[in-house]
Each structure stands twice: as structure tokens, then as C-alpha cells.
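As a plain string of letters, each chain reads:
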Amino acid sequence: MIPTIALVGNAPAEKYEILNAVLDDESLPDMCDIQLYGADGQAIREALHDAIDDYHDGIVGGIVCLPTSEPLTQIVAEIMGDEAKDILPLHIHSTNRMASVTGTGTKTSQEELTKAVTTLSKALKRDLSILNPRIAVTSDGDDISTEDGSADITAIAPAVSELVKSGIQAFGPIAAGKMFEGDGFMAFDAVMTMREGQCTEEFRKASNGEVSTLMAGIEIPMAQTEAEGLMQAISLVLDTARNRKAYDIPFANPLQKLYHERKEDGDKARFAVKKKGFNPAEHRRENVNYIKAAPAQNTESNKEETKTDKEKESE
């Protein structure tokens, strides 16, 4: 069954030809059906609200938004409420990916950075099917600051250390001003900056092409792009929906244990409050099946014990 993708928003007049060329592309019907929202002049907020309702009703399988006058993340957060509390715009072009901490203060806190990188890591695995992503974390300024009280020392370095301990491959802080110099950034699967706008120009130059933005951290496969990148955004949303299904299947119905080990009950009792006279050695003997030891070698001291009945009778 071919999925339906909601296209939300209106392109400016100078982009109509580009938009129509994409919609008339002969390969598009093999990928998906397109349903337009807001094409009749409907406000973007109302159009997106209708598209989200249709997603929940199973009418569309994903959403692609054209540029809006206000940040899409803000509109989505207002419409979806708590369902969008972890929303994270992830800018993508080919194998280049970048996200930013969307904190409320002027300085990024350790908690905000840890939450953002954790969300990014999950999105890279679940949405983009990158099994063990490497994430570069930039410094707060263009260069790394070693001054006491700086965000690099008080927030970024501790957050990276905590993320590494939790199993996430995070690296940093790395000087933001040098992040996209050369091709060193390609050693990472994504870059996390401290705020929206940091490294944006450098990222676009390094990408050398149209960038689509995936709304990570929400259950709806949703992306935003310019009219020129519409086909790429549609493919991104379709791939995200498929990748999520493939990622979730192994975790949907985990296998139950096929047998119960007596040792498990023994461990529960062993770590419980010990009663008076409790003997751990006796407890282990009751709950563990030991393999019988091989007979001891005959020696002068134990020959009497190893004599057979016939030998005893002969004596």
C-alpha cells in the first residue's frame, strides 16, 4: 500500500514552478500520494493542526512542511503539547547532520545538553538507522574556554562525561569555530551545537546543497524544507517511518524466559535480611546442583576406605 504524505503550507509565487515540477514528477506516484493542506490560503497553524489530526486518524503517514514565518518547532509544540516536549530540529543533507540545544536561557545547562544529545542519539538510531552514532559536541563559543565558570567547564565537559558513561558516543567540547574547517566533521554522524544559529552558515557551506530539517523527538515523521528540497524531504519522511517500524519490531514483544533457575530464588534469599542462624553454605547446597567430584586417588592413608567387600571378606 502506497503511503500518503501531508504537504503543509504555501510556496511563494516565485517557487510555484519548482513546487509543481516536483508534484508532477513521474517517480512521485511510486513513492507516495500527496495530500495538500493550506493550499487554499488556510493559516499554517490550522493547516498543520489538521494534518496532525489526520496522522493520528491514520489518514496520512507523515508530514512535510514548507517554510513558515515562525519556527515550526514552536507551532508543533503549541499544537502537540507534552507529546512534543522532546522535539529537536535535526538539519540533514546527505550524511551531514546538525542539531542545536533549544534551551530557555542564554547559557546552556548540563541538564539541557544531556537531554538534547540523548534525544539526538535515539533519533539517529531509530529514525536514520545509524546503529552506533558518534556525536560531536561543540564549545559554547568559537574557541574552547578554560576559565572557571565558563559553560565549557561547568556544563559541556561534565555532560559529555555523563553521556559517555551512559553508553552514548559523545565527543567534546570541540571548538565551534573550527568544527567545519576541512572535513574533520565527517568523522562524526552528527554535530550538536549549543544554540540555534551557531555553525549554521558553516554547515550549509559544508553541505553544499539544500538542507531538510527532521523534527526528531516526536512520534510523527515530520520534516521541513524549501521547495527545491521537497523530494528529499519526502524521501526523508518515508525513510523515517520505515526505519522506526524496523527499529521498534524487536522491542515490541520481547521473548519471555523459557525456564526458571533455582539459583534466582537463592539470590533473592541471600540478599534479604539474614535470619539468626542463617548459614550461606547450607543455603547454597540446597539451591545449587553440584557436580560430584571425581574419587580421590588411592593413597596409603585411604586404602582401607577403598577396599571392596570381597577383599574385606577374604581377610
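For the structure, check the block above.
The sections below set out a description of the structure shown in this document. Just so you know, these numbers come straight off a predicted model, no measurement behind them. (Residues numbered from 1 in each chain as written. Predicted model: local features only at pLDDT ≥ 70, side-chain atom pairs only at ≥ 80, totals over all residues. Heavy atoms only, no water.)

With respect to the nonpolar core
Condition: We define a nonpolar core as any set of buried Ala, Val, Leu, Ile, Met, Phe, Trp, Tyr and Cys residues linked to one another through side-chain atoms lying within 4.5 Å. Categorising residues by exposure relies on relative accessible area from a 1.4 Å probe, with only protein chains included: less than 20% of the type maximum marks a residue as buried, more than 50% marks it as exposed, and the intermediate range marks it as partly exposed. By definition, residues are in contact when any of their heavy atoms lie within 4.5 Å.
L113, L120 and M192 are the most contacted members of the largest nonpolar core, which has 42 residues in total. Leaving out residues up to four positions away in the same chain, L113 has contacts with V101, T108, V137, A155, I156, A159, M192 and M194.

Some thoughts on the pairing of strand β9 (residues 212–216)
Condition: What counts as a helix is a DSSP run of H or I of at least four residues, what counts as a strand is a run of E of at least two, and both are numbered from the N terminus. Following DSSP output, two strands are said to pair if at least two bridges run between them.
Of all five residues making up β9, five are buried, and the element is well covered by its neighbours. Along β9, one buried face is formed by S212, L214 and A216 and the opposite face, lined by T213 and M215, is buried too. Relative to β9, strand β4 (residues 88–93) is paired through five bridges, and the arrangement is antiparallel. Bridge assignment links I92 to a residue of β9, and that residue is S212. Between the end of β9 and the start of strand β10 (residues 222–224), which pair antiparallel, lie five residues, with G217 showing a positive phi angle near 90°.

A closer look at the sheet that holds strand β6 (residues 134–138)
Each strand in a sheet pairs with its neighbour through backbone hydrogen bonds, running either in the same direction (parallel) or in the opposite one (antiparallel). Note the following rule: Angular values range over 0 to 180 degrees, each being the angle between N-to-C directions of two axes fitted as lines to C-alpha atoms, with helices fitted over their stretch in contact.
Reading across from one edge, β2-β1-β3-β10-β9-β4-β5-β8-β6-β7 is the order of the ten strands in this open sheet, with mixed pairing throughout. Each of the sheet's edge strands pairs with one partner strand only, and the pair in question is β2 (33–37) and β7 (169–174). Pairs of neighbouring strands in the sheet enclose a mean axial angle of 25°, with direction left out of account. Pairing of strand β3 (residues 62–65) with β10, which is carried by three bridges, proceeds in the parallel orientation. Residue pairing for β10: C65 is matched across the bridge by Q224.

Remarks on the pairing of strand β1 (residues 4–8)
In terms of residue burial, β1 counts as a mostly covered element, since five of its five residues are buried. Residues T4, A6 and V8 point to one face of β1 and I5 and L7 to the other, with burial holding for every one of them. The sheet contact formed by β1 and β2 spans five bridges and is parallel. Its bridge partner being in β2, V8 is matched across the sheet by Y37. Across four bridges, β1 lies against β3 in parallel orientation. Bridge pairing in β3 places L7 opposite V64.

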